[in-house]
Amino acid sequence: MAASMEDGGGTVVPWGEYAFALLVIAAAGLVWFGTADLPPPRYEPVGSAALPRGIAALMALLAIIVAVRARSGPRLPVEAGGSLAGPLRVALLGALMVAFVMVMEARHVGFRPAAMVFLFLTAVVLGGLAPRRMAGYAVFAVALSLGLHAVFTRLFYIDLP
Amino acid sequence: MIDAFIALLAPWPIFYLLLGTALGIVIGAIPGLTASMLIALTLPLTFSMDASNAMTLLIGEYVGGISGGLIAATLLRMPGTPASIMTTLDGFPMAQQGRGERALGLGIAASFFGGLVSWGFLAVLSPPLANLALSFGPWEYFTLVLMALVMLASLSQGSMVKGLIAACLGMLFAMPGIDPSIGQLRLTFGFTDMTGGLSLLPVLIGTFAVSQIIKDVLSLDAPLPRVPVRGRAVVVGWRDLMRHLPNLARSSVIGTWIGILPGIGGNIAAMMAYATARQVSKTPEKFGTGHEPGVVAAETANNASIGGALIPLITMGIPGSVTEAILIGALIIHNLQPGPLLFATNPEVAYGVIASYLAANIVMVVMMLAAVSWIARVMYLPRAYLVSAILLFCVVGTFALNNRFFDVWVMLGFGVLGFCLERVKVPLGPFVIGFVLAPIAEEQFRAAMMSSAGNVLELFGRPFATSFLAVSLATLAWPFISEWRRKRVHHTRSPQ
């Protein structure tokens, strides 16, 4: 991803690098905060908090180096804009997956019907809406969801919702 | 060792070996799907298996997956797996010149040769190395883990600083839960589900499978070129073998050695072998134009690296590459402790890995020579079916671990995280290995500090620990030294 904005001079500002560095520093801060109420070591020289804090501090320092390098490094030329089809597909798939997991977690619908719908809709998102293919997707969705359910419950004795 | 081979001749081990190798070849042949992804997805299926059979299945997938990448690399100019990147340089031109079958035949033979040689190293070196590792104390283990992480972070593609950040991030994600040393709850932020920490399987499946799927879906519209394969791959004869023997031998050793080094994978092994083959060649200008030694070097080394990487895995519990980190997960899932004690407490598993590796190479060469044209057709399966099936399997496989949806959400979260990390050019290898090795590193470090009453300088009285630490520091310092030398040469050569 360009993850950056044109700075008016035909090159990009590496906002992605800055954002990454900031997130890493925030994560390090979160670890530091999360270990604040851990008790001090009693029977050993190093307690529960030592290693997480040490790693967090190192990580924050490295993130600062990334930010400094991004600031002083060469600016890259602006990339041509790409198609939205790919990101849209990913967003739709993500929504389908989240919905699938939420439906099963709520236990309103069992695994087999939820998986059939999920597989069918996912195949449509990836393969397109051609009527000839829809029948294939439907057969595939039914066969795979029933087959996977049988394999996990009958062969591996793992209960599915 | 002989018992391990005899045990492989039973019906179930043979079945798992054939299944694993076939699955690996097919998945390896499909661009965008990797051996690591397949192994991570198969882990849930191994819950009900015997540990030896599970490792046989996974080793078969590993060998098949790396070898299968040759097919897409040759016919589509797209590496089926990262380890086949260098094969595209000469394999695809050969296919375009109508010599696709010969390219495949050479690649398959080279893969087999590399696998055989590295198996020799694995079989000979593993038992004595495991004995040596038994003498390691906590300082040695801690510095060994540190060396593995630093080397992986430094030698992964991209920035070393980002590699180190990835390793740190991975280690931090392994910290939440109950502190194994004193049972103290930490970094759960009040979430009950976090009491047991983040399980390995959801992290692995999310990081490798889901993030890879996101990448594939983004580039789904790119059409695949079609170069037909007529009939079977050409079986390489004795004369061809003799002609390529120096390259085969050299690339096998390079691949095995690169595989042994912690954290470096088959793609680096293939690059180094390819670069060396070109350097010593009398016709270096032919490389990249459909030159047979290019295919031979790349495929020999990437398969040889598997055997090399298995050496630190089964002798010290240190992953030689990211895929070995997943194999460590398999051992942990089956309540086995990776490390030198594996040879003592579960020799059937340790020697089973060695025997399975050789058997998988033999099965691979037979399957690929017989069925390569059929396998090539798999590459053109509609992604709508493949991707949706894989996504469903990710959810089901992760849920099956503990029968709770928290793991599924963790998997999805790490899938997004893995994708985002790769977009900002943060390598995933150090991240995953950091996650896998963090508990070992912390346990050994704290044990070392307790045994030395907090005196870190005691480390320098232990030769192996000092050596590992020295290698870590040298690896960290090398990019700066190299840059300084380059600037000095440039300054000396530039006119006043």
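Residues numbered from 1 in each chain as written. Chains lettered and ligands numbered in written order. Predicted model: local features only at pLDDT ≥ 70, side-chain atom pairs only at ≥ 80, totals over all residues.

The next subject is the overall build of chain A. If you tally the helices and strands in chain A, you get five helices and three strands. Its helices and strands taken in sequence order, chain A reads β-β-α-α-β-α-α-α from the N to the C terminus. With 161 residues in all, chain A has 27% of them scored as buried. Considering only contacts in chain A between residues 6 or more positions apart, those separated by 24 or more positions represent 53%. (Helix = DSSP H or I, 4+ residues; strand = E, 2+ residues; numbered from the N terminus. Buried ≥ 20, exposed ≤ 12 C-beta atoms within 10 Å, placed from the backbone. Contact = placed C-beta atoms within 7 Å.)

What follows is about the overall build of chain B. A tally of regular secondary structure across chain B gives 19 helices and two strands. Taking 23 Å as the expected radius of gyration for a compact globule of 496 residues, we find that chain B reaches 22 Å, a close match to that expectation. Counting only residues that meet the buried cut, chain B has 60% of its 496 residues in that class. (Rg over C-alpha atoms; globule rule 2.2 N^0.38 Å.)

Let us look at the interface of chain B and chain A. Listed per partner, the contact involves 48 residues of chain B and 49 residues of chain A. Mapped onto the side of chain B that touches chain A, the elements with two or more residues apiece are helix 8 (160-173), helix 9 (200-218), helix 16 (383-402), helix 17 (405-423) and helix 18 (428-451) of chain B. No other element matches the eleven residues that helix 16 of chain B contributes to the side of chain B that touches chain A. When the residues that make up the side of chain B that touches chain A are grouped by side-chain class, the tally is 34 nonpolar, six polar and eight charged. (Nonpolar A, V, L, I, M, F, W, Y, C, P; charged D, E, K, R; others polar.)

With that settled, consider the domain arrangement of chain A. What the domain assignment lists for chain A is domain 1 (5-77) and domain 2 (85-155). Here domain 1 of chain A and domain 2 of chain A have C-alpha centroids that lie 39 Å from each other. (Domains from an automatic or database assignment.)

Phi at Arg107 of chain A is positive, roughly 60°, even though this residue is not glycine. Mapped onto the fold, Arg107 of chain A is located in the loop between helix 3 (85-106) and helix 4 (111-127). Non-glycine residue Phe189 of chain B carries a positive phi angle of around 55°. Mapped onto the secondary structure, Phe189 of chain B falls in the loop between strand 2 (185-186) and helix 9.

With that settled, the discussion passes to the confidence of the model for chain A. Across chain A, the average pLDDT comes to 82, with 84% of residues at or above 70. When the criterion is pLDDT under 50, residues 1-10 of chain A qualifies, and its contacts beyond four places in sequence or with other chains add up to 21 contacts. (pLDDT = per-residue confidence, 0-100.)

On to the packing of helix 11 (residues 266-280) of chain B against helix 12 (residues 292-316) of chain B, then. Residue and element names in this part refer to chain B. Contact pair helix 11 / helix 12: the axes reach a minimum separation of 8 Å and the direction vectors enclose 145°. In this structure, the crossing between helix 11 and helix 12 has a hand that is right-handed. Taking contact as the criterion, the partners of Gly266, Ala269, Ala270, Met272, Ala273, Tyr274 and Ala277 in helix 11 are, on helix 12, Pro293, Gly294, Ala297, Ala298, Thr300, Ala301, Asn302, Ala304, Ser305 and Ile306. (Axes fitted to C-alpha atoms, helices over the stretch in contact; angles between N-to-C directions. Left-handed = near helix turned anticlockwise from the far one by under 90°.)

Next up on the list: helix 6 (residues 100-134) of chain B. Between its first and last C-alpha, helix 6 of chain B extends 49 Å over 35 residues, near the 51 Å set by a 1.5 Å rise per residue. The axis of helix 6 of chain B is deflected most strongly, by about 40°, at Leu125 of chain B, and proline Pro127 of chain B appears within four residues downstream. (Expected span 1.5 Å × (residues − 1). Bend = angle between axes of the 7 residues up to and from the residue.)

All right, on to the nonpolar core then. Met59 of chain A together with Val145 of chain B are the most contacted members of the largest nonpolar core, which has 215 residues in total. Element by element, the count of residues in this core is highest for helix 15 (residues 347-378) of chain B, at 17 residues. Built from parts of two domains, this core gets at least three residues from each of domain 1 (5-77) and domain 2 (85-155) of chain A. Discounting chain neighbours no more than four positions away, the residues touching Met59 of chain A are Val24 and Ala28 of chain A together with Ile165, Cys168 and Leu169 of chain B. (Core = buried A, V, L, I, M, F, W, Y, C linked by C-beta atoms within 7 Å.)

The next subject is helix 9 of chain B. Residue and element names in this part refer to chain B. Across its 19 residues, helix 9 extends 27 Å between first and last C-alpha, which sits within 8% of the 27 Å expected from 1.5 Å per residue. Along helix 9, the sharpest change in direction is near 35° and occurs at Gly206. Among the 19 residues of helix 9, 17 are classified as buried, and the element is accordingly described as predominantly covered.

Residues and elements named next belong to chain B. With respect to the element layout, Phe431 can be found in helix 18. The spacing of Phe431 and Leu144 is 287 residues in sequence and 17 Å in space, taken between C-alpha atoms. Look past the residues within four positions of Phe431 in its chain and what remains in contact with it is Ala166, Ala167, Leu169, Gly170, Thr207 and Leu421.

Before going further, it helps to spend a moment on the packing of helix 3 (residues 35-42) of chain B against helix 4 (residues 51-75) of chain B. Residues and elements named next belong to chain B. Viewed as axis vectors pointing N to C, helix 3 and helix 4 meet at an angle of 160°, and their least axial separation amounts to 9 Å. With respect to their mutual orientation, helix 3 and helix 4 come out roughly antiparallel. The two elements helix 3 and helix 4 meet at a crossing, and its hand is right-handed. Residues Ala35, Leu38, Ile39 and Thr42 of helix 3 touch helix 4, and the partners they reach there are Leu57, Leu58, Glu61, Tyr62, Gly65 and Ile66. Counted by class, the contact of helix 3 with helix 4 contains seven nonpolar, two polar and one charged residues. (Parallel < 35°, antiparallel > 145°, perpendicular 65-115°, else oblique.)

In low-pLDDT segments, the atomic positions of the prediction should not be examined closely. For chain B, mean pLDDT is 84; residues scoring 70 or higher make up 94% of the total. For this predicted complex, the interface confidence score (ipTM) comes to 0.87, while the overall pTM stands at 0.81.

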